[in-house]
Amino acid sequence: MIKLPRYVALSLLLVCCNKAAAQDAAADSTNTLDEMLVEGLPADETVLPTVRPVSSVLGTDANVLNTPRSVSTITKAQLEARQIDDVNTLGQYSSGTYTPSIFGAQGVPTIRGTLAELYQNGQRLKFYRNSLPPSFNSVEALDIVKGPGSPVFGPANIGVGGYVNFVTKQPYFDKIHLTVDLKLGTYVPGGQSYFSPDWTVDLSVPIIKDKLAVRLSYQGREADGYYRNTVDDLQDVFAAVTFIANDKLTFDYTAQFYETRFNENVGWNRVTQELIDSGTYVSGPITPLFFGGTGVPWAGYVGPGTDGSFEDQKVHLYPFQTLTGSGDSAYGKRFTTQLTTTYAINDDWKVVNRMLYDDVESRKFSTYGYSEYSPTNQAFDTRLELQGSFGLFGSSTSVSHSDGKKVVLEEEKTPGIINNIITGMSFRWENNESYQDFNNEPFAVYDLYNGQQPQFPKSVVMGGGTIPGSGGYTAGTFAGQATKSNYWDLGLFFQDEIKITDWLSLIGGVRVDFIEAEARQPELGPSLDGGISYPGNPEGPENRKSATNPAYFGSLMIKPKEWLTLYATYNKVSSIQGNNNFGSLPPDLTKNQLQNESELYETGVKVSLFDNTLYASVAGYYQTRVSRNQLNEASAVQSRGIEIEATYQPNRNFNASMNMTFVNSNYSGESFIYSQTGNYLDTIGPEFTDSNGGKGKGGVDPFSGFSPNYAGYNTPSKSPDLPGQPDFLFNAYATYMFDFGLGFSVGPQVTGEIKQNAQGTLKIPAQVTWNAAVFYKQPAWEVQLNVFNFTDERNYTPTAEFASNDLVFPNEPLNADITFKFRF
């Protein structure tokens, strides 16, 4: 049930608390353009990054050309043309961005090989790795920032790789705007087509001329999936209100509520190199292992056939034959409300206040052996800013001129060194109650070729204790599977952009965060098979930790020409490292977990050429960070890379964009990688040999006396590469539209070789996916046919590191859908 009283009360609280402040509507609005718009090109058809100011990097409006960081922007035109509605597609439009399949339910992207965060209009949303896909119903544009945040935005929770800033839809003041979108599909040649209707109704109404406007957007989806036993349903309502009280005061308020039902889709099990290379799967039943005379049905290996070999058991799978059971389910809901306000003191100074509340709930059950129950995930975030500019070492001179009748003396002032200041304070509170049960996840037990679905009773697979009041969900007692946590973060920040000359600028900033946190294991009941209960830990001083985290930021920016920017940036932060699924803190919380350092060195070049029709950037970086596995063990990670982007749009008929990434990420020194199994051949009998020459390793581990299957495996080693990330990425897309409205788009997505596991013994080869679209646009309507993977390649996406030896995700084959848009 929707808890309307709490949501309504919080919304009213945000409004009441901000009576004395206002939001500068131009700061994040995509309806406001700057001086670099190409002449004669409509705003809603522009894909150039220079079309609007970006405030999501330094906290103040700046053209992307003059922003000393690697940042990608996705405009309203690109969102609509490319139908962007999923974080795992963002890499097509942003260098350095590639998101593995996080158990088929990606909640945040991966940037520079590291989990990233989601922001909304400059404020951080609640972190959710794979429990709830984000909705794009509220989104009008995107900024993708690489690396940790500047002093204004502060360190993220987990996602120090970067963040995606959702710029929300804004009301229109000129007239009523009504748009209806309807997507139908999806067609898959040769079978497995599925019905996936998705509809959006978007209405903007000016209420009081130049004073008050409202925008409402409703999105619905009742979709089947290509993969068996999968659904994707969504009900989403978004509202935005802008109120311009007077010349000094403006309010901008948004609220969104959505709920979704979907399935985890972990992909194929029994992964071998032969499966990736040719789609050859090892079928057959599991041979149980016996411990103390008792057979454990989910601890075993795939044995050979009656002839003693595996030749008759090597079969081919269709991509849709994934490990999803008919009893699998996932449900989540989210309520987010935000009020941003600005009070203009004078032409040079203003006060900005931002307040955001985010509330997320999640329930999930996968019959292969995973459950999740997360009833409380709240975040309240507020930031008060003073923004302004002043000159130092200026001068005044008297200038005389004649008006035709007499000589007039006037004083002319030179500002000298210009300082653009932003300073203030922030406060963030997070409250989490989260439960997971992944004690036993016997991926390899199920034979996908024979249609065998997960069938074990919950009492066999789910090894944790029952959660009081949850209706039967369970949680484990190790690796932070059950936790209640809170933290409070008070931040003070100061940033100064010093424009020394027209061609030389320095930007410096500092931030200090004072953090207080607490975490404990809640009480759990007996397991489903009647085992012991877990009393949990009571609240007390031993559950609380505090930390003081400084952060430093500095940039040198040189502009030899107006169209050319060179920069060098240094950024060092300390951040909270929460649980990888929820961002919550584990019961064994340590002070070190509140002080995970990340350090960034970055340099780059940006240009805007040919009357602002071509934008290009090149950035090189080196970044270090701390990574923690499920057992809260820390490893140092280092990444270095080069990111290249270019966008060209000379007119409304043609545009093209590309991005290219060269990156290497590895653990530095001793690393602790917690994997479900230690080798991808652990679950196959020793008689097996794959195309890579690997021998099956099924059986009892002589060191532990227990099967390596499903027991968990900690892999210390020296400096292995980060699994699941390609060293090379290339994306391109070109669009041409005739004057009468007919148009075409086409482009490839290329990934280099991917090491599927940390050992580097399982690899996804380089692959390419071609996508295309045909469309016809008229002022009142348009239709677009999208064709994905039109060369019908058999491609894969790596899965999360925890299961990198057990699972791989097969991408969809050739498929197509059609979208209709109507404007009234």
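Residues numbered from 1 in each chain as written. Predicted model: local features only at pLDDT ≥ 70, side-chain atom pairs only at ≥ 80, totals over all residues. Heavy atoms only, no water.

(A) Quick peek at the overall build of the protein chain. A tally of helices and strands in the protein chain yields four helices and 43 strands. Residue burial in the protein chain is summarised as follows: out of 824 residues, 58% are buried. Of the roughly 31200 Å² of accessible surface on the protein chain, 58% is carried by carbon and sulfur atoms. (Helix = DSSP H or I, 4+ residues; strand = E, 2+ residues; numbered from the N terminus. Buried < 20%, exposed > 50% of the residue type's maximum accessible area, 1.4 Å probe, protein only. Areas by Shrake-Rupley, 256 points an atom, 1.4 Å probe, with all protein chains shown as cover.)

(B) A look at the environment of Ser665. Structurally, Ser665 is set in strand β32 (residues 654–668). Expressed as a C-alpha distance, the spacing of Ser665 and Arg112, which sit 553 residues apart in the sequence, is 8.0 Å. Contact partners of Ser665, with chain neighbours within four places excluded, come to Arg112, Gly113, Gln638, Ser639, Asp721 and Leu722. (Contact = heavy atoms within 4.5 Å.)

(C) Broad picture of unusual backbone geometry. The phi torsion at Phe610 lies on the positive side, around 55°, for a residue other than glycine. Turning to its location among the elements, Phe610 is positioned in the loop between β29 (596–609) and β30 (614–628). Here the phi dihedral of Asp792 falls at roughly 55°; this positive angle occurs in a residue that is not glycine. Within the fold, Asp792 resides in the loop between β40 (781–788) and β41 (796–797). A relative accessible area of 46% means that Asp792 is categorised as partly exposed.

(D) Representation of the packing of aromatic side chains within the structure. Tallied over the entire structure, the rule returns 25 aromatic pairs. Their ring planes at 65° and their centres at 6.3 Å tell us that Tyr648 and Phe654 sit as a pair that is edge-to-face. For Phe654, a relative accessible area of 27% gives the class partly exposed. The interplanar angle of 10° and the centroid separation of 5.5 Å between the aromatic rings of Phe738 and Phe740 together place this pair among those described as stacked. For Phe738, a relative accessible area of 33% puts it in the partly exposed group. (Phe/Tyr/Trp six-rings, centres within 6.5 Å; stacked < 30°, edge-to-face > 60°.)

(E) A look at the pattern of salt bridges. With the rule as written, the count across this model stands at 30 salt bridges. Here Asp202 makes a salt bridge to Lys169, at a shortest N to O gap of 2.9 Å. Within this pair, whereas Asp202 is found in strand β9 (residues 198–208), its partner Lys169 is found in the loop between β7 (162–168) and β8 (177–187), the two being separated by 33 residues in sequence. Judged by its relative accessible area of 9%, Asp202 falls in the buried class. Take Lys169: its relative accessible area is 8%, and that puts it in the buried class. The salt bridge partner of Arg215 is Asp202, with a shortest N-O separation of 2.9 Å. Of this pair, Arg215 sits in strand β10 (residues 212–224) while Asp202 sits in strand β9; the two residues are 13 residues apart in sequence, bridging distant segments of the chain. An identical accessibility class is assigned to Arg215 and Asp202; each is buried. Salt bridges sharing common partners tie together Arg112, Lys146, Glu602, Glu643 and Glu645. (Salt bridge = Lys/Arg side-chain N within 4 Å of Asp/Glu carboxyl O.)

(F) A look at a nonpolar patch on the surface. Residues Tyr736, Phe738, Phe740, Phe744, Val774 and Leu785 make up a contiguous nonpolar surface patch of roughly 530 Å² in combined accessible area. Mapped onto the elements, Val774 comes out in strand β39 (residues 767–777). A relative accessible area of 37% places Val774 in the partly exposed class. (Patch = residues over 30% accessible without salt bridge, like charges linked within 9 Å, V, L, I, M, F, W, Y side chains within 5 Å.)

(G) Representation of the pairing of strand β17 (residues 329–344). Buried residues dominate β17, accounting for 13 of its 16 residues. Bridge analysis of strand β12 (residues 249–262) against β17 gives 14 bridges, and the strand direction is antiparallel. Within β17, the residue paired with Phe257 across the bridge is Phe335. Counting the residues in the hairpin turn of β17 and strand β18 (residues 349–366) gives four residues. (Pairing = 2+ DSSP bridges.)

(H) Just the environment of Pro810, in detail. Within the secondary structure, Pro810 sits in strand β42 (residues 809–810). Residue Pro810 is classed as buried on the basis of its relative accessible area, which comes to 2%. Distance in space between the C-alpha atoms of Pro810 and Gly279 is 9.5 Å, their sequence separation being 531 residues. If near-sequence neighbours (up to four positions away) are discounted, Pro810 is found in contact with Tyr227, Gly267, Trp268, Pro319, Thr322, Asn795 and Tyr796.

(I) How the structure looks around the nonpolar core. Core analysis: the largest hydrophobic core is formed by 60 residues, its most contacted members being Ile74, Leu90, Phe103, Leu142 and Tyr368. Mapped by element, the contributors of at least two residues to this core are β6 (139–146), β7, α3 (273–278) and β13 (280–282). Not counting the four nearest positions on each side in its chain, Leu90 is found in contact with Ile74, Ile84, Thr97, Pro109, Leu142, Ile144 and Val164. Core analysis: the next-biggest nonpolar cluster, separate from the first, contains 17 residues, Val57, Leu65, Tyr119 and Ile422 among them. (Core = buried A, V, L, I, M, F, W, Y, C linked by side-chain atoms within 4.5 Å.)

(J) Structural view of the environment of Leu182. Locating Leu182 in the fold gives a position in strand β8. By relative accessible area, Leu182 is classed as partly exposed at 30%. A sequence separation of 18 residues divides Leu182 from Thr200, and the C-alpha atoms of the two residues are 6.7 Å apart. Sequence-distant contacts of Leu182, that is, excluding residues within four places in its chain, are made with Asp198, Trp199, Ile818, Thr819 and Phe820.

(K) Looking closely at the sheet that holds β6. Spatial strand order, β1-β6-β7-β4-β5: five strands in an open sheet with mixed pairing. Of all strands in the sheet, those with a lone pairing partner are β1 (71–74) and β5 (123–124), marking the two edges. As paired elements, β1 and β6 share four bridges and run antiparallel to each other. Across the sheet, residue Thr73 finds its bridge partner in β6, namely Asp143.

(L) Main features of the side chain of Thr200. Relative to the helices and strands, Thr200 resides in strand β9. On the basis of relative accessibility, which here comes to 14%, the residue Thr200 falls in the buried class. In contact with Thr200, not counting residues within four places along its chain, are Asn137, Thr179, Val180, Asp181, Ser217, Tyr218 and Gln219.

(M) Examining the pairing of β39 more closely. Sheet analysis places strand β36 (residues 742–751) next to β39, joined by ten bridges and oriented antiparallel. Bridged to Val746 within β39 is Ala772. In this structure, β39 lies alongside β40, joined through six bridges in antiparallel fashion. Residue Lys777 lies in a different strand from β40, and its bridge partner there is Glu782. The antiparallel hairpin formed by β39 and β40 contains three residues in its connecting segment.

(N) Quick look at the side chain of Arg82. Relative to the helices and strands, Arg82 is located in helix α2 (residues 76–82). For the buried Arg82, which has no salt bridge, the nearest side chain bearing the opposite charge is Asp85, at an N-O separation of 11 Å. Engagement of the side chain of Arg82 in a polar contact is seen with the side chain of Gln92, the distance being 3.1 Å. Apart from residues lying up to four places away in sequence, Arg82 is in contact with Gln92, Tyr93 and Tyr733. (Lys, Arg positive; Asp, Glu negative; His and termini not counted. Polar contact = N/O pair within 3.5 Å; in protein donor to acceptor, adjacent residues only side chain to side chain.)

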